[in-house]
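Architecture at a glance
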Amino acid sequence: MKLCVIIPLCALFTLTQQVAPRDRCVCDFINSEKAFPHDKLSAVDDNASKCNGNITPQKTLELESLLLGLEQRLPQLQDDVSMLEREDDGKLYGVISLQVIENELTKIKQLVDKLNITTQEHQHLTTDTTKQLQDLRAEMQELEEYDTLQVVKRQQANVRLKRDLDQCRTGLHPTSQPTQPPHGICPHGKFLNITGPRIYTAGEYPGSYMYGAWGRDPKPEAGKENWYWVVMMTSSNRYSNYVRFYSSLSSLIVGVSVPGNVEIHSSNPTTNTIQGPNVVLYGEALYYNCYNQDAVCRFNLTTKTVSTLQLPKGTRYNSKGNFCHLDECYPFTDLDLATDESGVWVIYTTTEDFGNLVLSKVEEGVPPTLGQTWHTSVYKQAVTNTFMACGVLYATRYVNKEVEEIFYSFDTSTGVEKLNIGIFINKNNPNIYALNYSPVDQMLHAYCNSYMVSYKIVFR
């Protein structure tokens, strides 16, 4: 018989040696510890993922949007009642005023009903989530008992140590403030930052139309100061033939369109209808990229007529000069229309500019004309969106699914370009397909994967 030397492989195992017939050594390993419950760990992981899926920023923003809509609607109702009390003639005017107030009350009731339902859903969600978190905590504490080598505790200690080191390093070298964007003659002061989202809503057609634009008319007719407009790409995510109006922000959030659609043409698409999501409204006229043309269309909402502005020779159109990031280009975003305190602008690119952004002022008129033009050094397909504020062009780029960066500016009053703006936009959806600045309230309106989102621009 040969001598067999057996070395223990682990302190967790008990070794028993038996000598079987025919000079064979048989080793039985008996685990002295309880088997790790992998199924239980998998269940905990699944429950944690479900919990994360239930709690989203969108739910908080939905409640905030409803409250904001109610906050804006109530003063309007008070003004209508006060006007009726002052000017009631006991005849036709009084009847019409009462109908207006009745409509306001109906919309407020719809808003309150939706607010109550949303609040109850959030309360149930809070209760359920609290219970789930308590259960997950208890289950994780039970699983920690299997960590006999204290690997998890050492990892937690390392995380705390790394955090303390980062805080120490940050204290020694404070984070520098982002470069302030340049500005021309701006009544609001310097553009400092963006806060929000302030509003986040799916509107009247949740999830139906991925591409579109929305906003307010910076130069509205009397009585339409509170109106909002929406244009959705209703055909192939590329084309549209109407603009839809809402009498207030709360109406847009609730999804009650009054007065409804104003149609450009019954066919979609056809000559002089809308191509691409980059649309703006200014002075009771809709400006957009004409279907299948390197031109800007101006649709007069009063006369229902279209006039066109031909862009310079070599202008890229029909999805040849889109906004892009590394993973995706946004189709038919060749022309971007923008509004600011001074009027309407068009951003595009040409073959002569080798794909760099070109900015032109659109002068009002029938037809509109092309005013002064500026040529920039930033490549359009390295940009995801542009907007104007106080005569300054700003460009954004994609950082990740949660963040967009305003990285570039061009000041038309000085001709100065900056590539280090460093102002970040928090997103609830991966892509921003349209971005419009409203000089009425200094809000930035974004259309993101069928959702309408707004941000507040901070000036100083």
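Before reading further, recall that the structure is shown in the block above.
A short tour of the structure in this document, coming up. Because the structure is a prediction, the values reported are computed rather than measured. Every chain is numbered independently, its residues counted from 1 as its sequence is written. Residues qualify for local features only when their pLDDT is at least 70, as the model is predicted, and side-chain atom pairs are given and counted only at 80 or more; totals for whole chains, interfaces and linings, by contrast, use all residues. Excluding hydrogens and water, the side-chain values take into account all heavy atoms of the structure.

Notes on empty space enclosed by the protein
Of the grid points, spaced at 1 Å and generated over the protein atoms alone, those admitting a 1.4 Å probe that cannot get out make up cavities, while open sets with protein on both sides within 12 Å along at least five of seven lines make up pockets; any residue with an atom within 4 Å of a point is treated as lining. Grid points are joined across faces, edges and corners, and a volume is the space filled by probe spheres set on the points. For the coordinates displayed, the defined rule picks out 3 cavities of 30 Å³ or more. Each pocket or cavity is described by its volume, and for the largest cavity that value is around 70 Å³. Contributing to the lining of the largest cavity are Ala202, Gly203, Glu204, Tyr205, Tyr209, Val230, Met232, Tyr246, Tyr447, Ser450 and Met452. Tallied by class, the residues present in the lining of the largest cavity amount to 8 nonpolar, 2 polar and 1 charged. The wall of the second largest cavity is formed by Trp214, Gly215, Arg216, Trp229, Val280, Leu281, Thr339, Asn436, Tyr437, Ser438 and His445. The numbering of helices and of strands both runs from the N terminus, where a helix is a DSSP run of H or I of at least 4 residues and a strand a run of E of at least 2. Broken down by secondary-structure element, the contributors of at least two residues to the lining of the second largest cavity are strand 4 (212-215), strand 10 (280-281) and strand 25 (434-438). Classification convention: Asp, Glu, Lys, Arg as charged; Ala, Val, Leu, Ile, Met, Phe, Trp, Tyr, Cys, Pro as nonpolar; all other residues, Gly among them, as polar.

With respect to the pairing of strand 25
Throughout, exposure labels follow a simple rule: accessible area from a 1.4 Å probe, protein chains only, divided by the maximum for the residue type, with under 20% read as buried, over 50% as exposed, and the rest as partly exposed. The buried fraction of strand 25 is high, at 5 of 5 residues. Note on pairing: DSSP must find at least two bridges between two strands before they are called paired. Both strand 25 and strand 26 (residues 443-448) contribute to a ladder of 5 bridges, which runs antiparallel. Following the sheet pairing, Leu435 is matched in strand 26 by Ala446. Where strand 25 folds back on strand 26, the antiparallel hairpin that results is connected by 4 residues, among which Gln442 adopts a positive phi of roughly 55 degrees.

Details of the pattern of salt bridges
The salt bridge definition used is simple: a Lys or Arg side-chain nitrogen within 4 Å of an Asp or Glu carboxyl oxygen. With the rule as written, the count across this model stands at 9 salt bridges. Of the charged contacts, one joins Glu364 and Lys219 as a salt bridge, the two residues approaching to 3.3 Å between their closest N and O atoms. Taken together, the residues span a long stretch of sequence, with Glu364 in the loop between strand 18 (356-363) and strand 19 (369-379) and Lys219 in the loop between strand 4 and strand 5 (228-232) at a distance of 145 residues. Look at Glu364 and you get partly exposed, because its relative accessible area is 41%. Lys219 sits in the partly exposed class, given a relative accessible area of 42%. Salt-bridge contacts for Lys224 lead to Glu221; the nearest nitrogen and oxygen are separated by 3.4 Å. For Lys224, a relative accessible area of 22% corresponds to the partly exposed category. Salt bridges sharing partners connect three or more residues here, namely Glu221, Lys224 and Glu284.

With respect to the sheet that holds strand 16 (residues 336-340)
Sheets are built from strands paired through backbone hydrogen bonds, the pairs being either parallel or antiparallel. Reading across the sheet, the 4 strands line up as 16-17-18-19 and stay open at both edges, with antiparallel pairing between neighbours. The outermost strands of the open sheet, each flanked by one partner alone, are strand 16 and strand 19. Taken over all neighbouring pairs, the strand axes of this sheet differ in orientation by 25 degrees on average, direction set aside. Between N-to-C directions, angles cover 0 to 180 degrees, with each direction set by a line fitted to C-alpha atoms, over the stretch in contact for helices.

A word on the environment of Val440
Note on placement: Val440 falls in the loop between strand 25 and strand 26. Distance from Val440 to Asp340, taken between C-alpha atoms, is 9.0 Å for residues 100 residues apart in sequence. If near-sequence neighbours (up to four positions away) are discounted, Val440 is found in contact with Arg216, Asp217 and Pro218. Should any heavy atoms of two residues lie within 4.5 Å, those residues are considered in contact.

As for the state of the cysteines
Cysteine sulfurs are considered disulfide-paired once they come within 2.5 Å of each other. Here the structure, examined in full by the defined rule, presents 3 disulfides. The partner cysteine of Cys290 in its disulfide is Cys297, sulfur to sulfur 2.1 Å. On the S-S bond that ties Cys290 to Cys297, the torsion sits near 125 degrees, and the link is right-handed. Cys297 shares its class with Cys290; the two are buried. Disulfide partner of Cys324: Cys329, at an S-S distance of 1.9 Å. When the S-S torsion is 105 degrees, as for the bridge of Cys324 with Cys329, the disulfide is right-handed. On the basis of relative accessible area, Cys329 is assigned to the partly exposed category, the value being 40%. Looking at the protein chain, its bonded cysteines, counted consecutively from the start of the sequence, adopt the pairing 1-6, 2-3, 4-5.

Structural measurements only, silent on function.
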